[in-house]
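# A structural walkthrough
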Amino acid sequence: MQSTDLGNKESGKIWHRKPSPATRDGIIVNIIHNTSDYHPKVLRFLNVAFDGTGDCLIAGDHQGNIYVFDLYGNRIMNFNIEDSLHFICLSTVTYFAYSPPSVANLYQFPCLLSLDSILTLTARPPDSWENRHLQAFLSPSALQPQVYFTKELVSWMRGHESSVFSISVHASGKYAITTSSDTAQLWDLDTFQRKRKLNIRQSVGIQKVFFLPLSNTILSCFKDNSIFAWECDTLFCKYQLPAPPESSSILYKVFAVTRDGRILAAGGKSNHLHLWCLEARQLFRIIQMPTKVRAIRHLEFLPDSFDAGSNQVLGVLSQDGIMRFINIQTCKLLFEIGSLDEGISSSVISPHGRYIACIMENGSLNIYSVQALTQEINKPPLPLVKVIEDLPKKKLSSSDLKMKVTSGRVQQPAKPRGSKIQTRILKQDLTGDFESKKNELPDGLNKKRLQILLKGYGEYPTKYRMFIWRSLLQLPENHTAFSSLIDKGTHVTFLNLQKKYPIKSRKLLRVLQRTLSALAHWSVIFSDTPYLPLLAFPFVKLFQNNQLICFEVIATLIINWCQHWFEYFPNPPINILSMIENVLAFHDKGLLQHFIDHDITSQLYAWPLLETVFSEVLTREEWLKLFDNIFSNHPSFLLMTVVAYNICSRVPLLNCNLKDDFEFFFHHRNNLDINVVIRQVYHLMETTPTDIHPDSMLNVFVALTKGQYPVFNQYPKFIVDYQTQERERIRNDELDYLRERQTVEDMQAEVDQQRVEDEAWYQKQELLRKAEETRREMLLQEEEKIIQQRQRLAAVKRELQVKEMHLQDAARRRFLKLQQDQQEMELRRLDDEIGRKVYMRDREIAATARDLEMRQLELESQKRLYEKAAGCQD
């Protein structure tokens, strides 16, 4: 195990580390994120997600830093959300989800040929934001071993009012579903616009809404344990799962679905797991976890490249921080990761099932190797040593012949004490030893035993078919060599592959394009082979999730079962077709004569079956069963299959008389039992004479070399070189023609433009002349109007002057009257003033007279007093 500290890493800096083997507990690397302060502080990882290849994962901490770990290129790159959104405060990412590219995404992101988009979710926005929102960033390329991150904000999708805790992306990469506690929203990733919104009652919350793999169905799970399935395009409710039995009713919290979308696993605050069959829409199994498990926090199926999407291993993360992996069929505990001391907070499994990334409760990040964890489980059984013994003299009873099977080992039957065992040592058989070594295959398999099993059951078990094929073909799995072929990009021959082969699945078309490009880069002959897409398509469809295995299976098929196919290139392999015709002539002369009578050659009754490897005339199950036998036998088995197919179809072929009928027959499925055809092939292999048997003309099986792929030059090089030269000459001629045509088109465009400009000028002059005449007429009309208006104005002016004179006269008279009234009032006031003054004078005179009278009286009184006084004195 290797511990890594990210504390001193600058934003955007790439850091390399040496690869380290996994320890016994399966840990490849332990990543601890520390700050570079004087007192370092641990920054906790919160979320982690793998990309579509599984060799690159992205992780985010609670400070908004995002780190990209390239497990294939063995390096780390990090950046902060602020690098892309300078106006956003530091925020925390709550969820990551990778999306496969769509056509619109490829058009919008021209910087790389094949891009994914990362959807990140901000959980704690600033106060100025009204809603929680989604941010879409450019992600690393799924094809390149080096990780490139542009850190460019693609879209900012608003709409949620609460934190979004789940994102589910459709397999096509066109739609995404985001889930919060109160609503779920369906987004169009081509336009980054909201398509639909699911509103629910406040009393019923949402647990999770997600797409089912390999389908167009949306599954919505609510807090009341109701589960509905909806059609993505129309949002029509397809069905509702029934309620679980009351005896084991639990509130579902977490869910997981197999890659084929057939089984749904659900769990919650209980140690019970419910397994639903979505095809039958019923609960078919309840798994009880150990008693120490009280609640289940996370569920995820472990992918397997050879189980065709029917995942059998389920990872269960419980409340104690331990993730246990169980087999849902046998209900056995396979292995577990985490412990009570170092518990797991959350986890995610890579799409190819090689790695498990776990965020620990202490905030660190552990990456586990699934191969190391399953090493003990996948060990082959110990060799069984059998001892040849003499029969004891004592007759054994039935109880002595019983055998006990315990822990996978067979115990020998108990023997009587009195009997002695005699052991005989057999001499070593050198021939048998050589044959056994010749039949030994990788991973402990034996070709002879597989052939015996195949003849007994007619086919290999579906669960182990891919594993057996890989051992039979002895695939080297040259990752470096295959990556170098992929790095060369899409071959120019297959740039417009979708025009000739319009495949509905974009993913399948992309994988087919990559595989054909790799074959063309491996050998130039395959860039000119017109039937290569037909030959490769069934294998691409079968191995679309593992492109390395797909490429090596096709390459092994070409080297061994397509021997001598390219010697007459570009014509069909006349030599191979002659072998088939000779074998058919030996075993069914009448059918061959019927072909000859109707001018039907081997290029019509044999070559269509070979160039499509029977994929057009057989169903998927029949084709797999046939190739179980083809890969288990000599390369001549494929040619014998063509003969056997014709012989078994003898009756309908003899009824065909038109060439179109024959063509239709060998390009469409027919009512034919494949088991009968396979038995006929084995009969032909045994009864065909040596001189015409194809195995005498074809080499034995040769596997691909390890490290580098072998050079493939089994074709007429001069023809291919000539075609290449001719193609280059034609391309140059086309370029010259295109340049000349462009020049002529430019000149013609200039002439047309000049003519258009002249016509426009003349039209403009004519319009100007008409406009000038119109303006002159308008001016004359305006002058007439002005004259009339002036006359009316003069009349009005005269009327106003008369009115003004009348008004002035009336005002003058009114003013004179007013002055007269004022003078009269002044006279009246003066009269009143005179009267008042006269009155006042009269009153003063009267008062003075009275005073004088009083004074006179007083004087008389005093005179009398003085007179009296004088009289008294006298």
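Shown above is the structure to which this text applies.
Residues numbered from 1 in each chain as written. Predicted model: local features only at pLDDT ≥ 70, side-chain atom pairs only at ≥ 80, totals over all residues. Heavy atoms only, no water.

### A few points about the sheet that holds strand β23 (residues 282-288)
Which entries qualify depends on this criterion: Strands are treated as partners if at least two bridges between them are detected by DSSP. Put simply, DSSP marks the helices as runs of H or I at least four residues long and the strands as runs of E at least two long, and each gets a number from the N terminus on. Axis angles are defined between N-to-C directions and span 0 to 180 degrees, where every axis is a line fitted to C-alpha atoms and, for a helix, only to the segment in contact.
Pairing is antiparallel across the open sheet formed by four strands, whose spatial order is β20-β21-β22-β23. Edge positions in the sheet fall to β20 (252-257) and β23, since each of these pairs with one other strand and no more. Going from strand to strand, the sheet's axes swing by 25° on average, the running direction of each strand aside. Sheet topology places β20 next to strand β21 (residues 263-268); five bridges connect them, and they run antiparallel. Looking at β21, one finds that F255 is bridged to A266.

### Observations concerning the environment of A644
Applied cut-off: Throughout, a contact is declared for two residues whenever any of their heavy atoms are within 4.5 Å.
Tracing the chain through its elements places A644 in helix α17 (residues 636-648). Put simply, A644 and H683 are 39 residues apart on the chain and 9.1 Å apart in space, counted from C-alpha to C-alpha. Residue contacts for A644: discarding those within four places in its chain leaves V677, Q680, V681 and L684.

### Re the sheet that holds strand β19 (residues 237-240)
Strand pairing in a sheet relies on backbone hydrogen bonds, with the paired strands running either antiparallel or parallel. The antiparallel open sheet is built from four strands, whose spatial order is β16-β17-β18-β19. Whereas interior strands pair on both sides, the edge strands pair on one side only; in this sheet they are β16 (206-211) and β19. Neighbour-to-neighbour, the strand axes of this sheet turn through a mean angle of 20°, independent of strand direction. Sheet topology places strand β18 (residues 227-231) next to β19; three bridges connect them, and they run antiparallel. In the strand pairing of β19, A229 is matched with Y239.

### What about helix α9 (residues 506-522)?
What counts is decided by this rule: Multiplying 1.5 Å by the residue count of a helix minus one yields the expected span of that helix. Each residue is assigned to one of three classes by its accessible area relative to the maximum for its type, calculated with a 1.4 Å probe on protein chains only: buried under 20%, partly exposed between the two thresholds, exposed over 50%.
Given a rise of 1.5 Å per residue, 17 residues ought to cover 24 Å, and the 24 Å separating the end C-alpha atoms of α9 matches this to within 8%. Among the 17 residues of α9, 14 are classified as buried, and the element is accordingly described as predominantly covered.

### With respect to the pairing of strand β30 (residues 365-369)
A large share of β30 lies buried, amounting to five of its five residues. Here β30 shows no split at all, with L365, I367 and S369 on one side and N366 and Y368 on the other all buried. Note that strand β29 (residues 355-360) and β30 share five bridges and pair antiparallel. Looking across to β30, one finds that C358 is bridged to N366.

### A closer look at the packing of helix α7 (residues 479-487) against helix α11 (residues 547-560)
Worth spelling out the cut-off: Any angle between 65 and 115 degrees counts as roughly perpendicular, while under 35 counts as roughly parallel, over 145 as roughly antiparallel, and the rest as oblique. Polarity classes work like this: nonpolar for Ala, Val, Leu, Ile, Met, Phe, Trp, Tyr, Cys and Pro, charged for Asp, Glu, Lys and Arg, and polar for all others, with Gly in that last group.
Close contact between α7 and α11 brings their axes to 11 Å; oriented N to C, the two are set at 90°. On the basis of the axis angle, α7 is roughly perpendicular to α11. Touching H479, F482 and L485 of α7 are Q547, L548 and F551, all from α11. The class makeup of the residues in the contact of α7 with α11 is four nonpolar, two polar and no charged.

### Points about helix α5 (residues 447-457)
Owing to its 3.6 residues per turn, the α-helix aligns residues three or four sequence positions apart on the same side. This is how the line gets drawn: To obtain the arc, one takes the directions from the helix axis to the C-beta atoms. Polar contact is defined as a pair of N or O atoms within 3.5 Å, subject to the rule that within protein one atom must be able to donate a hydrogen and the other to accept it, and that residues adjacent in sequence are counted only when both atoms are side-chain atoms.
Among the residues making up α5, those that are buried are L450, Q451 and L454. All buried residues of α5 project into a common sector of 100° when viewed along the axis, lining one side. For α5, exposure combined with an orientation more than 90 degrees from the buried face picks out R449, I452 and G456. Buried residues belonging to α5 abut α6 (465-473), α16 (620-631) and α20 (674-687). Measuring from the backbone nitrogen of K448 back to the side-chain oxygen at the start of α5 gives 3.0 Å, which picks out N446 as the cap. Just beyond α5, the residue with positive phi is G458, at close to 85°.

### Here's the deal with a nonpolar patch on the surface
For clarity, the threshold we go by: Surface patches are drawn from residues lacking salt bridges whose relative accessible area is over 30%; two like charges belong together within 9 Å, two nonpolar side chains (Val, Leu, Ile, Met, Phe, Trp, Tyr) within 5 Å. Accessible surface area values rest on a Shrake-Rupley calculation with a 1.4 Å probe, where residue burial reflects the displayed protein chains alone. Between Lys or Arg on one side and Asp or Glu on the other, a salt bridge is scored when a side-chain nitrogen of the former is within 4 Å of a carboxyl oxygen of the latter.
A surface patch of nonpolar side chains, about 270 Å² in accessible area, is lined by L735, Y737 and L738. Along the chain, the position of L738 falls in helix α21 (residues 717-873). Residue classification places L738 among the partly exposed residues on the basis of a relative accessible area of 40%.

### Examining the environment of N713
Relative to the helices and strands, N713 resides in the loop between α20 and α21. What makes N713 exposed here is its relative accessible area of 52%. Residues N713 and E567 lie 146 residues apart in sequence; the distance between their C-alpha atoms is 10.0 Å.

### Considerations on the pairing of strand β22 (residues 272-277)
Put simply, side chains in a regular strand alternate between the two faces of the sheet. Of the pairings in the sheet, the one linking β21 to β22 comprises four bridges and is antiparallel in character. Residue pairing for β22: A265 is matched across the bridge by L275. Sheet topology note: the β22/β23 ladder contains six bridges and is antiparallel. Pairing of H272 across the sheet is with Q288, part of β23. Linking β22 to β23, which pair antiparallel, is a turn of four residues; within it R281 sits at a positive phi near 60°.

### What about the packing of α17 against α20?
Helix packing for two helices is described by the angle between their axes and how far apart those axes are. Quick note on the threshold: Note on convention: near helix rotated counterclockwise from far helix by under a right angle means a left-handed crossing. Clockwise means right-handed.
Put simply, α17 and α20 touch, their axes get as near as 8 Å, and they point 120° apart. The angle between α17 and α20 places the two elements in the oblique class. As α17 runs across α20, the sense of the crossing is right-handed. Along the contact surface, α17 presents S636, F637, M640, T641, V643, A644, Y645, I647 and C648, while α20 presents V676, V677, Q680, V681, Y682, L684 and M685. Of the residues that constitute the contact of α17 with α20, the class distribution is 13 nonpolar, three polar and no charged.

### Things to note about the pattern of salt bridges
Counting across every chain of the model gives 22 salt bridges. Ionic pairing is found between D821 and K817, a salt bridge with its closest N-O pair at 3.4 Å. Taken as a pair, D821 and K817 lie in helix α21 at a separation of four residues, close to a single helical turn. By relative accessible area, K817 is classed as exposed at 51%. Each of D260, R262 and E279 takes part in one network of salt bridges that share partners.

### Regarding unusual backbone geometry
Even without being a glycine, D599 presents a positive backbone phi close to 60°. By the secondary structure assignment, D599 is in the loop between α13 (589-597) and α14 (602-605). D599 sits in the exposed class, given a relative accessible area of 60%. A positive phi angle, close to 70°, is found at F614, a residue other than glycine. Position of F614 relative to the elements: it lies in the loop between α15 (607-611) and α16.

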